[in-house]
Amino acid sequence: MEGGLSGNTVVPNSNDKSTVLDVKPLRMLIPQFPDTSEGPPFVCVPPNGPFPSGFSPFFPFSGPQGSQSTPDLNQNGLISTILPIRSFRVENASPMDAAHGTHKQKSVASSSVKKKAKVDKGSKLSFTTPINFDPGISLSERDDGNMELVENVLSRFDALRRKLSQMEDAVELHSGIIKRSDLKAGNMMMSKGVRTNMKKRIGAVPGVEIGDIFFFRMELCLVGLHAQSMAGIDYIKGELEGELVALSIVSSGGYDNDAEDPDILIYSGQGGNAGRDKEASDQKLERGNLALEKSLHRGNEVRVIRGFKDAIFQASKVYVYDGLYKIQESWMEKGKSGCNTFKYKLVRIPGQTGAFATWKSILKWKEGVSSRVGIILPDLTSGAESTPVALVNEVDDEKGPACFTYLATAKYLKSFDLVQTTLGCNCHDACRPGNSNCSCIKKNGGDFPYIANGVLACRKPLIYECGPSCPCIRNCKNRVSQGGLKFHLEVFKTSDRGWGLRSWDSIRAGAFICEYAGEVFDSDKARQDDGDGEINEYIFYTNRLYEPFKWNYEPESVGEASSDATEDYDIPSPLTISAKNNGNVARFMNHSCTPNVFWQPIVYEHNNGAYLHICFFAKKRIPPMTELTYDYGTPCQNETEGDNTTSGRKVCLCGSPKCRGYFY
């Protein structure tokens with residue numbers, strides 16, 4: 001910078017925005033300060049002051065003093081300024097502008113990440129502050145949670161994140177908006193008190209179980225498992241002489257950690273990594289590193305969260321809570337950069353449920369399914385699915401369920417007039433969010449049903465997908481349910497409920513799992529009794545009564561008026577799907593009164609007809625090897641024999657705390 005600071009002329013204490021400042025361009029990144037002989041001494045003060053004598057604020061920090069305030073930081077170091085959902089919505093724009101994502105505002109970080117992004121000036125983003133929002137969580141519950149509360153917080157976070165993602169996707173990719181809906185949603189949740197386990201503690205966290213999975217670091221913060229949104233070591237000052245105590249660590253590949261042994265973790269200290277503007281350096285025994293060293297001598301338990309690549313979405317990570325460890329020893333060694341690095345050996349406390357060990361086993365099964373204990377068939381679909389489905393029995397000697405013909409999708413035995421057949425979309429590449437001209441998007445109320453990774457954004461009474469009659473490409477993102485299985489599933493023998501279904505992969509809330517495939521009948525003509533006296537236990541009724549539940553985001557949490565939009569199913573014509581003789585993996589999904597899967601009706605057109613499909617999506621995040629279940633519902637009166645509503649009732653063994661005791 002030529003001439004140091006003396007080369008730039010700034011009009012002091014001026015609010016005139018039209019004033020042109022004589023500012024010379026920076027010539028180097030390293031700050032250059034003038035000698036005392038060249039000008040006044042350099043003074044570093046906050047932009048809002050206070051300012052010492054002889055110095056005054058400059059635009060835009062020269063507003064009225066009453067508007068100046070220091071940001072209020074919560075205990076996690078996050079600014080609790082809410083970003084309303086309307087902040088990411090394009091308003092006062094024509095449908096064409098909305099389709100191309102025109103807007104005025106952009107993310108603060110976008111200038112450093114996407115310097116070439118051009119922003120239109122034709123529209124603006126409005127900001128609305130939530131008023132009188134009740135988080136539904138008391139002050140005591142914010143300090144100490146439980147399993148139900150933890151699940152509630154995570155569900156509300158992900159519902160908001162999906163909605164923000166849907167809105168971001170509707171804006172043009174090169175608009176300058178940084179797609180970090182997880183950070184935006186987390187900021188909103190924290191600023192409104194939708195969180196729990198804020199009280200830092202050593203050891204287990206109430207409501208969080210070993211093996212629980214998370215897809216975002218913000219989720220760890222919201223439930224109190226790990227309060228640092230960036231740093232890998234969380235710690236507090238202990239009661240004993242104020243020394244630091246380590247509480248938890250996240251091992252996710254940022255450092256050279258050894259994570260091969262499921263019961264031992266060699267963890268590298270923090271700091272010293274090379275960055276964009278700095279070289280690698282020796283680590284220092286301070287902050288998190290010092291806390292780990294103190295915990296070594298103190299012998300306290302440390303929570304360990306392990307992170308690794310998501311098997312389905314390779315660009316993302318999955319974090320699994322692996323339980324409690326103790327630090328056994330520490331040392332210093334030369335890292336790959338040639339600088340000194342602290343190393344800590346953590347040993348898992350015996351007797352805990354397997355978590356990371358399960359993930360290691362699954363990796364071996366994927367390399368060679370024959371290593372799976374109890375394997376009967378490596379693929380019961382016989383190649384009908386692109387992803388094989390293993391058949392496993394570790395309980396008894398049964399060799400498999402009764403024979404059936406595998407179908408990948410529903411089989412209509414005759415044509416049904418479900419909805420009025422309309423023309424397909426006119427997109428010749430792929431349907432894109434925000435395209436107001438796409439007829440398939442119009443049929444979905446103007447919203448693209450799925451976000452970028454194929455996850456369902458919101459439940460709807462009925463969703464319209466592009467079908468074979470649409471000219472868009474086969475891998476159009478509005479054909480999610482037609483792409484077959486994405487998760488590596490297995491049909492397994494349960495201890496008391498026959499055969500069940502579970503996944504080797506972690507599943508995100510809103511992820512498509514499978515369709516209920518089988519033969520489609522008119523509900524009036526279908527019966528559970530096939531006529532030969534044998535009860536058909538593989539049957540799905542669209543007209544049963546189902547427990548209502550809220551899955552979509554809360555408009556009130558972001559300052560929007562309460563919405564009257566319903567999530568109740570809207571089936572144009574009741575149908576029955578029988579998977580007794582022809583079906584797919586969905587026929588093995590058992591009932592639960594607290595299910596982790598829900599069904600969503602989807603319509604798409606084929607052969608000049610509109611056909612209904614029943615598709616299953618994850619209701620919440622589902623760890624690997626967790627049984628997949630849905631609510632079978634309660635039959636309507638005309639489904640039972642006469643007025644006997646107990647006909648076909650079975651004892652429920654789902655084990656849920658809210659178990660009704662029976663199912664149909």
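All values reported here derive from a predicted model rather than from experimental measurement.

Enquirer: Is there a simple way to think about the overall build of the protein in this case?
Expert: Within the protein one finds nine helices and 27 strands. Taking all 664 residues of the protein together, 46% fall into the buried category. For the protein, restricting intrachain contacts to residue pairs at least 6 apart in sequence, the fraction spanning at least 24 positions comes to 68%. Summed over its atoms, the accessible surface of the protein is roughly 33,500 Å², and 52% of this surface lies on carbon and sulfur atoms.

Enquirer: Hey, could you run me through empty space enclosed by the protein in this one?
Expert: Empty space among the atoms can be located by rolling a probe the size of a water molecule over them. For the structure shown, the criterion picks out five cavities of 30 Å³ or more. The space that makes up the second largest cavity amounts to roughly 50 Å³. In this structure, the second largest cavity is lined by Gly 424, Lys 443, Tyr 464, Glu 465, Cys 466, Gly 467, Ser 469, Cys 470, Val 603, Tyr 604 and Glu 605. Counting residues per element, the lining of the second largest cavity draws most heavily on strand 23 (residues 597–606), which supplies three residues.

Enquirer: Help me understand helix 7 (residues 287–298) in this model?
Expert: Along an α-helix, residues three or four positions apart point the same way, because every turn accommodates 3.6 residues. Between its first and last C-alpha, helix 7 extends 16 Å over twelve residues, near the 16 Å set by a 1.5 Å rise per residue. Every buried residue belonging to helix 7 is among Gly 288, Asn 289, Ala 291, Leu 292, Glu 293, Ser 295 and Leu 296, and all of these are buried. Considering only its buried residues, helix 7 is in contact with strand 4 (233–237), strand 5 (244–251), strand 6 (264–268), strand 8 (317–334) and strand 9 (340–348). At the exit of helix 7 stands Gly 299, carrying a positive phi of roughly 80 degrees.

Enquirer: So what exactly am I meant to see when it comes to the sheet that holds strand 13 (residues 411–412) here?
Expert: Working definition: the strands of a sheet are paired by backbone hydrogen bonds and lie parallel or antiparallel to each other. Here we have four strands laid out as an open sheet, ordered 13-18-20-19, and mixed in their pairing. Edge strands, defined here as strands with exactly one partner in the open sheet, are strand 13 and strand 19 (539–541). Two elements, strand 13 and strand 18 (residues 519–522), share two bridges in a ladder whose sense is parallel. In the strand pairing of strand 18, Lys 411 is matched with Glu 519.

Enquirer: Could you clarify how one ought to interpret unusual backbone geometry in this entry?
Expert: Excluding glycine, a negative phi dihedral is what most residues carry, and trans is how most peptide bonds are arranged. Its identity is not glycine, yet Asn 197 carries a phi of approximately 55 degrees, on the positive side. If you trace the backbone, Asn 197 turns up in the loop between helix 5 (181–191) and strand 3 (213–214). For Arg 287, which is not a glycine, the phi torsion comes out positive at approximately 45 degrees. On the secondary structure map, Arg 287 appears in helix 7. Assessed through its relative accessible area of 49%, Arg 287 is described here as partly exposed.

Enquirer: Got a minute to help me understand the sheet that holds strand 23 in this structure?
Expert: In spatial order, the strands read 14-23-24-17; together these four strands make up an open sheet with mixed pairing. The open sheet is flanked by strand 14 (463–464) and strand 17 (512–515), the only strands paired with a single partner. With ten bridges connecting them, strand 23 and strand 24 (residues 609–618) associate as antiparallel partners. Its bridge partner being in strand 24, Trp 599 is matched across the sheet by Phe 616.

Enquirer: What's the story with the side chain of Asp 234 in this structure? I'm lost.
Expert: Assignment of secondary structure puts Asp 234 in strand 4. The exposure class of Asp 234 is buried, given its relative accessible area of 2%. Non-local contacts of Asp 234, meaning those with residues more than four positions away in its chain, are made with Lys 200, His 226, Ala 227, Gln 228, Val 245, Ala 246, Leu 247 and Ser 248.

Enquirer: In this structure, what is going on with the pairing of strand 24? I would like to understand it.
Expert: If a strand is regular, its side chains alternate between the two faces of the sheet. Taking burial as the measure, the ten residues of strand 24 include ten buried ones, the bulk of the element. On strand 24, burial covers both faces: Gly 609, Tyr 611, His 613, Cys 615 and Phe 617 on one face and Ala 610, Leu 612, Ile 614, Phe 616 and Ala 618 on the other are all buried. As defined by bridge partners, strand 17 adjoins strand 24 across three bridges and the pair is classed as antiparallel. Directly across from Phe 512, in strand 24, lies its bridge partner Phe 617.

The rules behind these values
- Residues numbered from 1 in each chain as written.
- Predicted model: local features only at pLDDT ≥ 70, side-chain atom pairs only at ≥ 80, totals over all residues.
- Heavy atoms only, no water.
- Helix = DSSP H or I, 4+ residues; strand = E, 2+ residues; numbered from the N terminus.
- Buried < 20%, exposed > 50% of the residue type's maximum accessible area, 1.4 Å probe, protein only.
- Contact = heavy atoms within 4.5 Å.
- Areas by Shrake-Rupley, 256 points an atom, 1.4 Å probe, with all protein chains shown as cover.
- 1 Å grid on protein atoms, 1.4 Å probe; cavity = no way out; pocket = protein on both sides within 12 Å on 5 of 7 lines; lining within 4 Å.
- Points joined across faces, edges and corners; volume = space filled by probe spheres on them.
- Expected span 1.5 Å × (residues − 1).
- Pairing = 2+ DSSP bridges.

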